[in-house]
Amino acid sequence: MLEILYRDEHLIAINKPSGLLVHKSFYSGEADTYAIQELRKQIGQKVFPVHRLDRKTSGVLLFTLDKDTLRMMSTQFEEKKVEKKYIAILRGWAKEEETIDYDLVNENEVKQNAVTYYKRLQTSEIDLPFLKYQTSRYCLVEAIPETGRFHQLRKHFKHILHPILGCRKHGCNKQNKLWLQTFGINKMTLHAHQLVFTHPVSNERITVNATIDDEFKKVGDLLNFDLSKYS
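Cut-offs used in this document
Residues numbered from 1 in each chain as written. Predicted model: local features only at pLDDT ≥ 70, side-chain atom pairs only at ≥ 80, totals over all residues. Heavy atoms only, no water. 1 Å grid on protein atoms, 1.4 Å probe; cavity = no way out; pocket = protein on both sides within 12 Å on 5 of 7 lines; lining within 4 Å. Points joined across faces, edges and corners; volume = space filled by probe spheres on them. Helix = DSSP H or I, 4+ residues; strand = E, 2+ residues; numbered from the N terminus. Nonpolar A, V, L, I, M, F, W, Y, C, P; charged D, E, K, R; others polar. Disulfide = S-S within 2.5 Å. Contact = heavy atoms within 4.5 Å. Salt bridge = Lys/Arg side-chain N within 4 Å of Asp/Glu carboxyl O. Buried < 20%, exposed > 50% of the residue type's maximum accessible area, 1.4 Å probe, protein only. Core = buried A, V, L, I, M, F, W, Y, C linked by side-chain atoms within 4.5 Å. Pairing = 2+ DSSP bridges.

Draft legend 1. Up close: the layout of surface pockets. Estimated volume of the largest pocket: approximately 700 Å³. Along its surface, the largest pocket is lined by 26 residues, and Arg52, Lys84, Thr147, Gly148 and Arg149 are the ones closest to its centre. Contributions of two or more residues to the lining of the largest pocket are made by helix H2 (67-78), strand E5 (83-91), strand E10 (136-145) and helix H3 (152-159). Tallied by class, residues from the lining of the largest pocket come to 10 nonpolar, 6 polar and 10 charged.

Here it is, written out as structure tokens:
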């Protein structure tokens, strides 16, 4: 059963588990189950995804229950009136805060402007030898993507040389292998923890929060991060 975070007669939001595809996609490959199908079966009515999360990304995922609401919510996303907040665990110690303004090439080889703001929340250094170092450093960040490009956060953090821990395509595979061999963990530590938007019918400002899963928490515990705010 999918965890429902918010529901009314127009909208429904879930806490999407890591590993679940939102819907069928040429770029994401095939799967046995999809969030859109599972939610339709669970509530017994059609749902329409407003945005998407990567397969390995967990967190707040918003759907509408009718096409008119879908159109209005899509406009809010296009006009950048929706605030999306993520938490991620990065390799190394990133700057205390930074705006990454770095163009990305989309699936059709078209260059697009992409902007991400992040702030560092906590740092960790553990006794885990890596390459020429006797310890390994990590940091917990909150990231706010100001644009919504494909794999934006994963690509932007790779660009500043602080890739997301557990990210395969845009991460550090040597670190990922080290975590798998040492701790048995290959979790991509990227979680959409908050979505803030204006309700298209009532005009209320709505905030939806999603808690992290046990595997994200396990990574945080190994790094002595306080994740109580997100648990």
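Structure shown, so let's carry the discussion forward.
Draft legend 2. Broad picture of the state of the cysteines. Applying the stated rule across the entire model yields 0 disulfides. A disulfide-free cysteine, Cys167 has its sulfur positioned 11 Å from the sulfur of Cys172, the nearest such atom.

Draft legend 3. Inspection of the environment of Lys56 at higher detail. The residue Lys56 is located in the loop between strand E3 (48-49) and strand E4 (58-64) in this model. In the structure, Lys56 is positioned 134 residues away from Leu190 in sequence and 7.9 Å away in space, judged by C-alpha atoms. Excluding residues that lie within four positions of it along the chain, Lys56 makes contacts with Ser18, Gly19, Met188 and Leu190.

Draft legend 4. Spotlight on the pattern of salt bridges. Here the structure, examined in full by the defined rule, presents 11 salt bridges. Across the pair Arg52 and Glu107 runs a salt bridge whose closest N-O atoms are separated by 3.4 Å. Here Arg52 is found in the loop between E3 and E4, whereas its partner Glu107 is found in the loop between strand E7 (104-105) and strand E8 (111-112), with 55 residues between them in sequence. Its relative accessible area of 42% is what places Arg52 among the partly exposed residues. In this structure, the salt-bridge partner of Glu98 is Lys95, at a minimum N-O distance of 3.8 Å.

Draft legend 5. Inspection of the nonpolar core at higher detail. Of all hydrophobic cores here, the largest spans 33 residues; its most connected members are Leu39, Val47, Phe63, Leu90, Tyr118, Phe157 and Ile164. Breaking this core down by element, the ones donating at least two residues are strand E2 (11-16), helix H1 (35-43), E4, E5, E10, H3 and strand E11 (190-198). By residue number, the principal contributor to this core is H1, which donates 4 residues. Aside from chain neighbours lying at most four places away, what touches Leu90 is Arg137, Tyr138, Cys139, Val141, Phe157, His162, Pro163, Ile164 and Leu165.

Draft legend 6. H3, seen in detail. Judged by how many residues are buried, H3 sits mostly within the fold: 6 of 8 residues are covered. By the burial criterion, the buried members of H3 are Gln152, Leu153, Arg154, Lys155, His156 and Phe157. Looking at the buried side of H3, the elements it contacts are E5, strand E6 (97-101), E7, strand E9 (115-126), E10 and E11.

Draft legend 7. Representation of the pairing of E11 in the model. Summarising burial for E11: 8 of the 9 residues are buried, a large majority. Pairing geometry for E4 and E11, over 2 bridges, is parallel. Looking at E11, one finds that Ser58 is bridged to His191. In this structure, E5 lies alongside E11, joined through 6 bridges in antiparallel fashion. In the strand pairing of E11, Ile87 is matched with His191. With 5 bridges joining them, E11 and strand E12 (residues 205-209) adopt antiparallel strand pairing. Each residue of the ladder has a partner; that of Val196, found in E12, is Thr207. Hairpin connection, E11 to E12: the antiparallel pair is bridged by 6 residues, and Asn203 has positive phi, about 70°.

Functional significance is not addressed by these values, which are geometric in nature.
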